[in-house]
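Residue-level structural notes
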Amino acid sequence: MSPALLATGATEAQQQKSPAPKAASSGEGKITAVNPKGTPPPIQLIPMAPRLDTLNGKTVYLVDTGFHGSDVLLHQIEAWFGRNMPSVTVVFRRKAGPYMEDDPNLWKEIKAKGNAAIMAVGH
Amino acid sequence: MGIPSAPLVTKAFKDLAILNAAKRGMPHERICFTPHPVWGKTPEEVRAYVEGPDPVSGKPLMKEIVDALTVPLSDEDKKGGVVTVSTGPATFTDTADNLQEFYLNNGYTDFLPIILPTEEKVDAMLKGTSHKPDETVGKMAAGAYPPWSYNVRQVAASAVMAGCRPEYFPIVLAIASSGMASLFSSTNSFAFAMVINGPIRDKLEFNYGIGALGPFAQPNATIGRAWTILSKNLGNGGIPGDTYLGSLGNNLNYNNVVIAEHEDASPWAPFHVQRGFKKEDNVVSLFRGLGVVPGQVARGSSANENVQFDYQMSDLFSTFTGFFGALIIADPLVAARLKEQGYDTKEKLIDWLYKNTTQTVKDYKSRNYAYLFDYPRALRGDEPWASWYKMPDDAVIPHFPRASDFNIVVAGGQTNAYPQAGNLSYGVSVSIDKWT
């Protein structure tokens, strides 16, 4: 489902690749079958955080999720900032624990000391 | 966090990243993409990624990242509130052929023909339990998304589709109530297994003799299949690129590894009794991991020598990852021989295996899962990984972190003394009787 569809309250049923049979009267030779799908939870929309006017003079955290190569990629991004936007302070952090575990202490640190974050990499 | 952020994902996971953000409440999250893969690339190659275009938008990647953090939000970006998601009408009406095609084309099946869950067949399935059709059974998340919920009637539809008889339904409900899906969104192509214990094995005529793990009995075949079909329908699993990412996939996902323990031929306590149930209880226990391999390939399995099954198993486990456990499936002939060797309880064998299945620190560190899961734990100070990572390369450490990572069940027809073993971790045991 596209995010736009989700945002407008569309249904999972709109993902169906072939049209749904009519859920109506059962005529000759027709039978009625139960929809086997479970019940998705409602989605609580989260307003995005306000953006910065500029990154110049700001502190940007680079967060390594621990996937293979994330550190190499983020260090190249760190180097890019050094070459192209030297007024940006870059802080590299490896998230604690395996990639699927939360790290609330790091989020607290970034919120207190940083202005923005770049997280990599989704594999 | 309350500050602007830019997630960076490789192109292969575009759909997953976008849909995951949307289903977690940020349909307009500014996700940036690099070429795939990043893994294994040199710094020079990755620098080219950074200085090149985002392969999804075509715009320079670093401009995408800077824009993600600085371009003002639109009204849509600031939107709050709740979006209700539906999966369509409660029933569908058409000819049998058209419905079969519709269920297949829309991912409701495992792409094998199904028994259509007509209202009559679902009602018949519901007679297999005393629980009310609208009673909530549980929640399941087969992908990276928040879990879906489901009731007894919704579980019944998947049980019908898989070919289950109504008398099998309490087992399917017990599995569904666990919330454990048999399809998972990892790139690893995971496999799943279940162990059935108790008198219900004979009452339903499970096969635990010759070909115990094969397609030779209806309950073994259909209950295993039902786990995968319900994981798709109730947990929203098995959508390639969205809720399923296994690069190669796993053939075991068709009906999973179903093991009815051969309790009468086993010299040891049944698995469910080890887990605190009574022998007369009916219990299903669920496992997850990477798959099952035959014991005949291991050192120590030569028929011309005095076969040492303990050594054979220890050798077999050398290729396993310690991230998952080891599930030994012993033919009764293997179990009898092990008892003759002095292992008169499963616990004694497990103790020997834990102490004698070892590896060097160098070999351990070279394993993918050690880097991905254990090394981050070591950095955090979690034991035993923190200590293992401080040891010299030639130090010898256990292959599995805990003795409890080993589990043993007995099944098979005694046509030969062959064990099998799964790189599978124990998940949970659920009472079947509760769902009768």
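Residues numbered from 1 in each chain as written. Chains lettered and ligands numbered in written order. Predicted model: local features only at pLDDT ≥ 70, side-chain atom pairs only at ≥ 80, totals over all residues.

Structural notes on the overall build of chain A
Inclusion rule: Put simply, DSSP marks the helices as runs of H or I at least four residues long and the strands as runs of E at least two long, and each gets a number from the N terminus on. Counting other C-beta atoms within 10 Å of each residue's C-beta, where C-beta atoms are placed from the backbone, gives the exposure class: buried for 20 or more, exposed for 12 or fewer, partly exposed between. Contact definition: two residues whose C-beta atoms, as placed from backbone geometry, lie within 7 Å.
When you go through chain A residue by residue, the secondary structure sums to three helices and five strands. Of the regular secondary structure in chain A, the N- to C-terminal order runs α-β-β-β-α-β-α-β. Across the 123 residues that make up chain A, the buried fraction comes to 32%. Long-range contacts, defined here as pairs at least 24 residues apart, represent 70% of the contacts in chain A between residues at least 6 apart.

Looking at the overall build of chain B
What counts here: What the globule rule says is 2.2 Å times the number of residues to the power 0.38, and the radius of gyration is computed from C-alpha atoms.
Looking only at helices and strands, chain B features 16 helices and 14 strands. Here the C-alpha radius of gyration of chain B, 25 Å, is about what a compact globule of 436 residues would show, namely 22 Å. For chain B, the spread of C-alpha atoms along the three principal axes comes to 75 × 65 × 35 Å. The proportion of buried residues among the 436 residues of chain B is 51%. The contacts in chain B between residues at least 6 apart in sequence include a share of 77% that link residues at least 24 apart.

Overview of the interface of chain A and chain B
Put simply, the test is: The classification used treats Ala, Val, Leu, Ile, Met, Phe, Trp, Tyr, Cys and Pro as nonpolar, Asp, Glu, Lys and Arg as charged, and all other residues, Gly among them, as polar. A pair of strands is treated as paired once DSSP finds two or more bridges between them.
Taken together, the contact pairs 70 residues of chain A with 88 residues of chain B. Residue contributions to the side of chain A that touches chain B peak at seven residues, all from strand β5 (residues 116-122) of chain A. Here the residues of the side of chain A that touches chain B sort into 40 nonpolar, 22 polar and eight charged. The pairing of strand β1 (residues 30-34) of chain A with strand β4 (residues 91-95) of chain B spans five bridges and is antiparallel. Considered in β4(B), the bridge of Lys30(A) is made with Thr95(B).

Observations concerning the nonpolar core
Residues and elements named next belong to chain B. Just so we agree on the cut-off: Any set of buried Ala, Val, Leu, Ile, Met, Phe, Trp, Tyr and Cys residues joined through C-beta atoms within 7 Å is what this text calls a nonpolar core. Marked domain ranges trace back to an automatic or database domain assignment.
Within the largest apolar cluster, 148 residues are counted, with the highest numbers of intra-cluster contacts made by Val155, Val172 and Ile259. For this core, the element with the most residues is helix α6 (residues 152-162), which contributes eight residues. The two domains that each donate at least three residues to this core are domain 1 (8-70) and domain 2 (102-357 + 399-435).

Side note on helix α5 (residues 119-126) of chain B
We apply this condition: Working note: the arc is built from the helix axis to C-beta atom directions.
Among the residues of α5(B), those classed as buried are Val122(B), Met125(B) and Leu126(B). In an axial view of α5(B), the angular spread of the buried residues amounts to 100 degrees, which keeps them on one side of the axis. Residues of α5(B) that are buried in the fold lie against β1 of chain A together with α6 and α7 (169-178) of chain B.

Side note on helix α11 (residues 309-316) of chain B
Within α11(B), burial applies to Phe309(B), Gln312(B), Met313(B), Ser314(B) and Leu316(B). If you follow the buried residues of α11(B), they end up packed against β9 (283-294), β10 (326-330), α12 (332-340), α13 (346-356) and β14 (420-431) of chain B.

With respect to the packing of α6(B) against α7(B)
Residue and element names in this part refer to chain B. Going by this rule: Every angle, taken between N-to-C directions, lies between 0 and 180 degrees, and every axis is a line fitted to C-alpha atoms, over only the stretch in contact when it is a helix. Helix crossings are classified by the rotation of the near helix relative to the far one: an anticlockwise turn of less than a right angle makes the crossing left-handed, while a clockwise turn makes it right-handed.
Across the interface, α6 lies against α7 with an axial gap of 10 Å and an inter-helix angle of 115 degrees. Crossing hand, α6 versus α7: right-handed. Along its contact with α6, which presents Val152, Val155, Ala156 and Ala159, the element α7 presents Phe169, Val172, Leu173 and Ala176. Per-class residue counts for the contact of α6 with α7 are eight nonpolar, no polar and no charged.

Thoughts on the environment of Ala124(B)
All names here are of chain B. Structurally, Ala124 can be placed in helix α5. The class of Ala124 is partly exposed, set by 15 C-beta atoms lying within 10 Å. Taking the C-alpha atoms as reference points, Ala124 and Ala156, 32 residues apart in sequence, are found 9.2 Å from one another.

With respect to the domain arrangement of chain B
Residue and element names in this part refer to chain B. Domain annotation for chain B reports domain 1 (8-70) and domain 2 (102-357 + 399-435). Once you take the C-alpha centre of each, domain 1 and domain 2 turn out to be 38 Å apart. In this assembly, five residues from domain 1 lie in contact with six residues from domain 2. Its residues placed into classes, the side of domain 1 that touches domain 2 shows two nonpolar, one polar and two charged.

Quick notes on the sheet that holds β9(B)
Two modes of strand pairing occur in sheets, parallel and antiparallel, and in both the strands are linked by backbone hydrogen bonds. All names here are of chain B. The strand order across the open sheet formed by six strands is β8-β7-β9-β14-β10-β13, and the pairing between neighbours is mixed. A strand with exactly one partner marks an edge of an open sheet, and here the two such strands are β8 (257-260) and β13 (406-410). Across the sheet, the mean angle separating the axes of adjacent strands is 35 degrees when strand polarity is ignored.

Looking at unusual backbone geometry
Here the amide bond leading from Ala120(A) into Val121(A) is cis, since omega sits at 0 degrees, within 30 degrees of zero. When you line up the elements, Val121(A) lands in strand β5. Residue Pro37(B) is bonded to the preceding His36(B) through a cis peptide linkage, with omega at -5 degrees. Non-glycine residue Phe111(B) carries a positive phi angle of around 70 degrees. Turning to its location among the elements, Phe111(B) is positioned in the loop between α4 (96-105) and α5. The backbone of Asn236(B) sits at a positive phi, close to 60 degrees, despite the residue not being glycine.

So, the environment of Glu280(B)
All names here are of chain B. Checked against the element boundaries, Glu280 lands in the loop between α10 (271-274) and β9. For the pair formed by Glu280 and Gly198, sequence separation is 82 residues and the distance between their alpha carbons is 5.6 Å. What Glu280 contacts, discounting residues up to four positions off in sequence, is Gly198 and Pro199.

Brief notes about the environment of Pro41(A)
Along the polypeptide, Pro41(A) turns up in the loop between β1 and β2 (43-44). A sequence separation of 17 residues divides Pro41(A) from Lys58(A), and the C-alpha atoms of the two residues are 38 Å apart. Not counting residues within four places of it along the chain, the set of residues in contact with Pro41(A) comprises Pro146(B) and Trp148(B).

Re the pairing of β13(B)
Residues and elements named next belong to chain B. With five of its five residues buried, β13 lies for the most part within the structure. Burial along β13 is two-sided: the face carrying Phe406, Ile408 and Val410 and the face carrying Asn407 and Val409 are both buried. In this sheet, β13 lies alongside β10 in parallel orientation, the contact comprising five bridges. Bridging from a neighbouring strand, Ile329 pairs with Val409 of β13.

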